[in-house]
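Here is what each chain is made of, one letter per residue.
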Amino acid sequence: MRFCAQKQKRIVPFCKILYILKLTDCKKFVSWCICKNSFHVTNPVFQEAIMLEGLGKKVYVAVAMFGLFGVAFAAKVAPLYFESLGSSATENATTQQEYWEGLMKYKLWGSDGLTFNKENVHIADKNGYNGTSTGDISFYNGRHHVGGPLLSGKNLNFSSNGTSPEKDTISGGPVRVVGDLAIADWAAQNGPITGSSYDGPYCVQGSIHTRSSQQYDNTLTNWAAMVKGGVYGTSGVVTADAATADSTYTHNVEDPETGNITSVTEYYKYVAYPFAVGTYQSCPVEVPPVDTHLRVPLWPEPAEWAAGINMAQGYEEREYIHVPPESVYINEYGTYDLYIDNLYMSNSPRKYLYVVMPHGGRLTRIFVRDG
């Protein structure tokens, strides 16, 4: 497993943080990571723009669902901070904490994009959001499984590069897209999409189209029929009367003969796509909004780092991190924080990292510097 590594003077992006939740089973751990800027993954890791690539036949990612455990929301944002709100967690402290708790809803986050570039990437647990604030979410080559709400701050692409969208599973839902949704011209060329499953509802603010625009409408019809909960998208507007209008537009018109200014109101009604169950404006209220204001927080780099963990030699390797009980050590944030040089796993899928918790478990944060 490789973790991204970037420096910003003595300010380190949050991509170097691996969160380990408070668990009572000392031989199990789940991890969660959010990272920054452009990124490729071999045995996935997360960044501000994330590319998830299959390693060999399959890649399975263990990610922590913070929404499932109330303990995560009790954690303070400090020492991390959101740069848009200040240069430390004490500036606009209430809003800093609100941003942090908003980010904790996500198990997979990339401010500028999430790209599933290869086959067989599986993050199947339905707890926890997956999303971006300004970038695309793209699934290429099929055979992915992503669980939980999917929220795109730009576009959502299902094999719009012409690769196969077969055997994709988006489970749990719902899905909201601020931009456009595009899918490959699959039905026209190869028949209906097979082996895929899409849990919705899907609410798309922009256009819904195939790779070749509207040339292959049967692809969209077949895809929409597969979406559990239906598709909500607006194809355009038509004029309407005041009683049935969804929106109005008021403007001033000058009489060319008298020069008099008259206020004129025009009435319009939104029109749904023929394959949709409703317009975007009628999207169900339970579909979460996109958190376009969120970015990756920063944190001050510590003075010292512990030796890293490197599992790149044998076929099967095991390493252990022992978390002390609170009676032995506790910091000002109420957590156990470990700062290590690197965390690297390669050469086989049989690499095991065990985080051994004290009785009852405790909230633990592991910060990785160099990847």
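Residues numbered from 1 in each chain as written. Predicted model: local features only at pLDDT ≥ 70, side-chain atom pairs only at ≥ 80, totals over all residues. Heavy atoms only, no water.

Looking now at the overall build of the protein. When you go through the protein residue by residue, the secondary structure sums to 4 helices and 29 strands. The buried share among the 371 residues of the protein stands at 52%. Summed over all atoms, the accessible surface of the protein reaches about 16500 Å², with 49% contributed by carbon and sulfur. (Helix = DSSP H or I, 4+ residues; strand = E, 2+ residues; numbered from the N terminus. Buried < 20%, exposed > 50% of the residue type's maximum accessible area, 1.4 Å probe, protein only. Areas by Shrake-Rupley, 256 points an atom, 1.4 Å probe, with all protein chains shown as cover.)

Moving on, we come to the side chain of His144. Residue placement: His144 occurs in strand β12 (residues 144–152). On the basis of relative accessible area, His144 is assigned to the buried category, the value being 1%. Residue contacts for His144: discarding those within four places in its chain leaves Phe116, Lys118, Glu119, Asn120, Val121, Phe139, Lys167, Asp168 and Thr169. (Contact = heavy atoms within 4.5 Å.)

Another aspect to go through is the nonpolar core. In terms of nonpolar packing, the biggest core is built from 30 residues, with Leu156, Phe158, Tyr202 and Trp223 touching the most fellow members. Those residues in contact with Leu156 that sit more than four places away from it in its chain are Ile137, Phe139, Leu150, Val175, Val177, Asp180, Leu181, Ala182 and Tyr202. Core analysis: the next-biggest nonpolar cluster, separate from the first, contains 24 residues, Val77, Ala78, Leu85 and Val296 among them. (Core = buried A, V, L, I, M, F, W, Y, C linked by side-chain atoms within 4.5 Å.)

On to the packing of aromatic side chains, then. Aromatic ring pairs are reported here in terms of the distance separating the ring centres and the angle at which the planes meet. In this structure the tally under the stated criterion is 18 aromatic pairs. Judged by centre distance (6.5 Å) and plane angle (80°), the rings of Tyr198 and Tyr202 are edge-to-face. Taking relative accessible area as the criterion, Tyr198 reaches 0% and is therefore assigned buried. What makes Tyr202 buried here is its relative accessible area of 0%. When the centroid spacing of 4.7 Å and the interplanar angle of 15° are considered together, the rings of Tyr339 and Phe367 count as stacked. Separated by 28 residues along the polypeptide, Tyr339 in strand β26 (residues 336–340) and Phe367 in strand β29 (residues 364–368) bring together distant segments of the chain. The residues Tyr339 and Phe367 share a single accessibility class, namely buried. (Phe/Tyr/Trp six-rings, centres within 6.5 Å; stacked < 30°, edge-to-face > 60°.)

What follows deals with the state of the cysteines. Per the stated rule, a full pass over the model turns up 1 disulfide. Disulfide pairing is shown between Cys203 and Cys283; the S-S distance is 2.0 Å. On the sign convention where negative is left-handed, the bridge of Cys203 and Cys283, at about 90° about the S-S bond, is right-handed. A residue pair is termed long-range when its members are at least 10 positions apart, and Cys203 in strand β17 (residues 202–204) and Cys283 in the loop between β22 (261–272) and β23 (298–300) qualify at 80 residues. Classification of Cys203 by relative accessible area gives buried; the value is 0%. (Disulfide = S-S within 2.5 Å.)

Right, let's talk about the confidence of the model for the protein for a bit. Should pLDDT be low for a region, the predicted coordinates there are not to be read in detail. In this model, the protein carries an average pLDDT of 79, and 79% of its residues clear a pLDDT of 70 or more. Here strand β4 (residues 41–42) stands out as the least confident element of the protein, with mean pLDDT 30; β17 is the most confident, with 98. Note on residues 1–73: pLDDT is under 50 here. Beyond four places in sequence and across chains, it has 251 contacts. (pLDDT = per-residue confidence, 0-100.)

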